[in-house]
Amino acid sequence: MAKKKNWPPDLVLATGDLSQDESKESYRSFLKTFSAFKLPVFCLPGNHDVPERMTDVLSTEFVQTTRQIILDGWQILLLDSTVPGQHGGNLKKSELAFLNECLYENENLHTLVCLHHNVIPTNTSWLDTMTLKNSREFFQVIDRFSNVKGILTGHIHQEFSALHRNVPIWGTPSTCIQFLSGSSKFSLDPLHPGFRWLNLKADGSIETGIKRVDKFDFTADLSSKGY
Ligand SMILES: [Fe+2]
């Protein structure tokens, strides 16, 4: 579906939970699918991933876990917010230091910051128990710099947008099942899988939107995932 229009993109960002069972085989399957695009694909880990195992498999010519991408006046930073054994997220001191260093060293570059966990609540209370735990420290770093132009997250399986001061925050639909926005307990939304496209412009602004697949067998997908 993505290939029907505006193809090829400069790169693809995969914002975590690339596996469900944490197996090497699942990463090999991801690699097989995404290598076929013959495009740069950059991956960061989510709570259903094992970062080291993911990097072991996803370190190839096209599919990588590189943490800083520099491209046409922009840098894209990929942070690891995973905590072993937990669904919620937290940025280690080393991740916050990496973020601070990249922003400081590249103040002339517009910056898109990417991580798996949502950094503010989404009004979906069961999901809001597993946000980024230390978002205060995260925003303390963000607020020191004027070159952060957007924050992009995965995890919440739904479209989301908000503003932190003047910095946009975007959540992204899942390429699998969708979670129902505003629900108090685990609930699925019959919306089709989708992705977020982004156009990083030379002036530091970002155009973005959502695309969803036209056809999706919701029932078949749920049963295959064990729900
Ligand atoms: Fe997640």
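These notes cover the structure that comes with them. Numbers given for residues are sequential positions, taken from 1 along each chain in its written order. The model is predicted, so local features are restricted to residues of pLDDT at least 70 and side-chain atom pairs to those at 80 or more, both for listing and for counting; the totals for chains, interfaces and linings are taken over all residues. Hydrogens and waters are ignored; side-chain quantities use all the structure's heavy atoms.

1. What to know about the coordination of the iron ion
As a reminder of what qualifies: Listed donor atoms are N, O and S within 2.8 Å of the metal (Na, K and Ca: 3.2 Å). As water is not included, a site may look incomplete. Any site counts as irregular unless it has four donors with all angles between 85 and 135 degrees, making it tetrahedral, or four or six donors with opposite ones more than 155 degrees apart and the rest between 65 and 115, making it square planar or octahedral. The helix count covers DSSP runs of H or I at least four residues long, the strand count covers runs of E at least two residues long, and both are numbered beginning at the N terminus. Partly exposed describes any residue whose relative accessible area lies between the buried limit of under 20% and the exposed limit of over 50%, with all areas from a 1.4 Å probe on protein chains only and scaled to the type maximum.
Taken together, the protein ligands of the iron ion are Asp17 (OD), Asn47 (OD1), His116 (NE2) and His155 (ND1), with distances of 2.1 to 2.2 Å. Classification of the site at the iron ion as irregular follows from its four donor atoms and the range of 88 to 164 degrees in their angles at the metal. Each donor residue of the iron ion belongs to the same chain, with the gaps between them written as D-x29-N-x68-H-x38-H. Pair noted here: Asn47 is in the loop between strand 2 (41–43) and helix 2 (51–57) and His116 is in the loop between strand 6 (110–115) and helix 4 (135–142), with a separation of 69 residues, a long-range link. By relative accessible area, Asn47 is classed as buried at 11%. The class of His116 is buried, set by a relative accessible area of 1%.

2. Notes on the side chain of Ser81
The test is simple: In protein, a polar contact requires one atom able to donate a hydrogen and another able to accept it; more generally it is a pair of N or O atoms within 3.5 Å, and residues adjacent in sequence count only if both atoms are side-chain atoms. Here a residue-residue contact requires only that any non-hydrogen atoms of the pair lie within 4.5 Å.
In this fold, Ser81 is placed in the loop between strand 5 (74–78) and helix 3 (93–105). Polar contacts involving the side chain of Ser81 include one to the side chain of His117, which spans 2.7 Å. Contacts of Ser81, omitting those with residues within four sequence positions, involve Gly89, Asn90, Leu91, Leu115, His116, His117 and Leu132.

3. Details of the pattern of salt bridges
Counted only if it meets this: Basic side-chain nitrogens of Lys or Arg form a salt bridge, by our definition, when they fall within 4 Å of a carboxyl oxygen of Asp or Glu.
Considering all chains together, one arrives at five salt bridges under this definition. Two residues, Asp143 and Arg165, come together in a salt bridge whose shortest N-O distance is 3.5 Å. With Asp143 in the loop between helix 4 and strand 7 (148–153) and Arg165 in the loop between strand 8 (160–164) and strand 9 (167–171), this residue pair connects regions lying 22 residues apart in the sequence. In this structure Asp143 comes out as partly exposed when scored by relative accessible area, which is 31%.

4. So, the sheet that holds strand 7
For the record, the criterion: Two strands are counted as paired when DSSP detects at least two bridges linking them. Axis lines are fitted through C-alpha atoms, for helices just across the contact stretch, and the angle between N-to-C directions can take any value from 0 to 180 degrees.
As summarised here, the arrangement of the six strands in space is 4-5-6-7-9-8, forming an open sheet in which the pairing is mixed. In this open sheet, the two strands that pair with only one neighbour each are strand 4 (68–71) and strand 8. Mean inter-strand twist for the sheet, computed between neighbouring axes without regard to direction, equals 15 degrees. As defined by bridge partners, strand 4 adjoins strand 5 across four bridges and the pair is classed as antiparallel. In the sheet register, Gln68 faces strand 5, and the bridge partner there is Leu77. In this fold helix 3 packs onto strand 4, strand 5, strand 6 and strand 7, with an angle of close to 175 degrees to the strand it touches most, strand 5.

5. Considerations on the layout of surface pockets
What counts here: A cavity, in this analysis, means grid points on a 1 Å lattice covering only the protein atoms where a 1.4 Å probe fits yet has no way out; a pocket is instead an open set bounded by protein on both sides within 12 Å along at least five of seven lines, and a residue lines either one if it has an atom within 4 Å of a point. Grid points are joined across faces, edges and corners, and a volume is the space filled by probe spheres set on the points. Charged means Asp, Glu, Lys or Arg here, nonpolar means Ala, Val, Leu, Ile, Met, Phe, Trp, Tyr, Cys or Pro, and polar covers whatever is left, Gly included.
For the second largest pocket, the calculated volume is near 250 Å³. Taken together, 14 residues form the lining of the second largest pocket, with Pro51, Thr82, Val83, Pro84 and Gly85 sitting closest to its centre. Tallied by class, the residues present in the lining of the second largest pocket amount to four nonpolar, five polar and five charged.

6. Considerations on the sheet that holds strand 3 (residues 63–64)
Spatial strand order, 1-2-3: three strands in an open sheet with parallel pairing. The open sheet has two edge strands, strand 1 (12–14) and strand 3, and neither has a second partner. Sheet topology note: the strand 2/strand 3 ladder contains two bridges and is parallel. Considered in strand 3, the bridge of Val41 is made with Val63.

7. Some thoughts on the pairing of strand 9
Put simply, side chains in a regular strand alternate between the two faces of the sheet. Across the five residues that make up strand 9, a large majority, five, are buried. With three bridges connecting them, strand 7 and strand 9 associate as parallel partners. Looking at the pairing, Ile151 lines up with Ile169 of strand 9. Relative to strand 9, strand 8 runs antiparallel, the two sharing five bridges. Looking at strand 9, one finds that Leu163 is bridged to Pro168. In this structure, the hairpin formed by strand 8 and strand 9 is closed by a connection of two residues, where Arg165 is found at a positive phi of approximately 50 degrees.

What is shown is where atoms sit, not what they do.
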